[in-house]
Structures are given as C-alpha cells and as structure tokens.
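Report on the structure
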Amino acid sequence: MQAQALLIAPAPVDGYPPVHALARLLARAGVAVTVLSTPRRSGTRIAFVEPGVHTIALPVYTGRFARIPRLFSVLRAIRAARRETAPTIEVAYDPLAMLGSDLAPHRPPLRIAHFHEALALDRWVERRLRRAIHGFDQVVVPDAARGIALRDQLALPVLPLVFPNYPPLATAIRPRVSRDTVEVVYCGVLGRGQNLPMILRSVPQWPANVRLTLIGDDTTGLAQSLRAQVAQAGLDDRVTFTGWLDLADLPARLAQADLGICLLDDRPAQFRT
C-alpha cells in the first residue's frame, strides 16, 4: 500500500520553497502527497504542480472577521483529507496549520510541526503552542540557530530537528547569454525587511552598464512605492520589475544574472539565522 503524506500550509504555497521542496522529495520517493493551501492573492488557483502531488485549494477569506471562517475552513479540509487519504505522515507549516492539526479528528500516526518562520508569540495561536507542541512527534526548523531560539521560546525538552530547505537538484541550466550589460538580481519578498529602498538609492552610484532586476510579487503596497521611487529617481531604464515567477522557473532565470544581491534587516532573529 502506498504511503500517504498530508502537508498543511494555509498561507499561499506558490512562491513558498519549504512546501515545494518537501512535496517534491516525498513524491519522488514514492509517497502520495496531498497539499492543503490557498492561491496567491492575485491568483484563482494553485500553480504548483508535481507528479504524485495533489493540491487542494482552501477558500480565501479577507476582512476584519476572516479569522474564524478561515479556521473552520482549515479544519474541514484537514478532516476531509484525513478521511479520504488516511495519511501516515502529516506536516503542519504554521501555527494555524498546527491548530487545525490538533483540533481535527483522526490524527495520523506521525505529526510534524515545521517552523520555517520565526515565532513572535504575540498572537494566541502562537502562544498556545507552548502546550500543544508536545502533542507533535517531531519539531523541524531550517537551521540550527533557529532551533535554539525555538527551543527557548516553547520550552522544548530537546532541540528541534534541522531540515535545511535545499530544493531537489535541477536539470542542467543554460549558461548566461552574452551581453554588454551586467545584471544584478534580487529575488524574494518585496517586503520591508530587505532594505530595497536603500538598494534602489544606491543604483545611481553603480557603473553605468549595471542593471537591477527585482523578482517577486510586485502587487504589494511596498512594491508600488518602490516603483514610484524608481520613477522619481529616473531609473526606469536601469531597474526592472519582473513580477511573481513560479519557483520552478527561477533556477533558469537566476542563472542568466551576473550577481545576486540581498541586504536583510538583521534585527529579526529569522533574518539573522
């Protein structure tokens, strides 16, 4: 009988490497994988596709009172997936997923809490983990330093298992196309912790043949302010916004660039690790 795995990631799975990487690894090892998640804000379906992986899109709720219907939709989806697939392995990727995993009936034999994002412990759904985490069979983090921080936050008896977020090996990547310009690329969240306004302010000081490409969801509020900053500085011919790209397309796209740049704010523990 084929092994079954259920991955619960209420936040949009598209563009989120930890879920993609584990789903692919399990599927390529012969495990039937079901992923519960939501589409991106600007999408109507989940784009992630992998042979052996079945994705189920959760309803998208917005607004001030969205938390309660969102929780119930997660609970219903977990209950239905457990009933239909009888998973032997279940991985919950955030506090909401862990809450749903706790509350839904018919728990699978092995439950894993995967903390890819650092905890702030400023929400009830996070604080409850101090007690509920002991019901999981394994706690996983992407790096050792974050494991130490999580152990202290949740008073864990042992350090979490470190599971680095390395994607499966890709096929051969085409070499970079020869050109006269030099491309510097940023790839990731166009958010407030990446010091992107500072990077943009530095572009006029770069050599004249150097261009900057920003790869990431450019529909966010900060992304719009970055576009305005580029226009105001007269950098439209030197800065390009590609918008969101599927993770499967990123290795080939990044291989065409000359240099990657990342300037993280080191105050959050997550960025320091």
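Scroll up to find the structure this text is about.
Residues numbered from 1 in each chain as written. Predicted model: local features only at pLDDT ≥ 70, side-chain atom pairs only at ≥ 80, totals over all residues. Heavy atoms only, no water.

**What to know about the packing of aromatic side chains**
Rules: Only Phe, Tyr and Trp rings are paired, with Trp represented by its six-membered ring, and only when their centres lie within 6.5 Å; those with planes under 30 degrees apart are stacked, over 60 edge-to-face, the remainder tilted. By definition, being over a ring means that NZ of Lys or CZ of Arg is both within 6 Å of the ring centre and within 35 degrees of the ring normal.
Taken as a whole and judged by the stated rule, the model has zero aromatic pairs. The ring of Phe136 has Arg111 lying over it, and the distance from NZ or CZ to the ring centre is 4.0 Å.

**Considerations on the environment of Val210**
Selection criterion: Counting from the N terminus, the helices are the DSSP runs of H or I reaching at least four residues and the strands are the DSSP runs of E reaching at least two. Exposed residues in this analysis have more than 50% of their type's maximum accessible area, buried residues have under 20%, and partly exposed residues fall in between, with area computed by a 1.4 Å probe over protein chains only. Two residues form a contact once any of their heavy atoms are found within 4.5 Å.
As for its position among the elements, Val210 is in strand β9 (residues 210-215). Among the residues examined, Val210 registers a relative accessible area of 9% and is labelled buried. Through-space distance from the C-alpha of Val210 to that of Arg238 is 7.4 Å; in sequence the pair is 28 residues apart. Beyond its immediate sequence surroundings of up to four residues, Val210 is in contact with Val182, Val184 and Arg238.

**A look at unusual backbone geometry**
Positive phi, close to 65°, is recorded for His106, a residue that is not glycine. Among the structural elements, His106 can be located in the loop between α3 (95-103) and β5 (110-114). A positive phi is found at Asn195, a non-glycine position, where the angle reads about 55°. With respect to the helices and strands, Asn195 occurs in the loop between β8 (182-187) and α7 (196-202).

**A look at the pairing of strand β1 (residues 4-8)**
Residues in a regular strand project their side chains so that they alternate between the two faces of the sheet. Rules: Should DSSP find at least two bridges between two strands, the strands are taken to pair. With the strands pointing away from the viewer, any crossover whose connection runs clockwise from the first strand over the helix to the second is right-handed.
Most of β1 is tucked away: five of the five residues are buried. Both faces of β1 are covered, namely the face carrying Gln4, Leu6 and Ile8 and the face carrying Ala5 and Leu7. By the bridge criterion, five bridges tie β1 to strand β2 (residues 32-37) in an arrangement that is parallel. Residue Gln4 lies in a different strand from β2, and its bridge partner there is Ala32. Following the chain from β1 across helix α1 (residues 17-28) to the adjacent parallel β2, one finds a crossover that is right-handed. Pairing of β1 with strand β4 (residues 89-92) involves four bridges; the strand directions are parallel. Following the sheet pairing, Ala5 is matched in β4 by Ile89.

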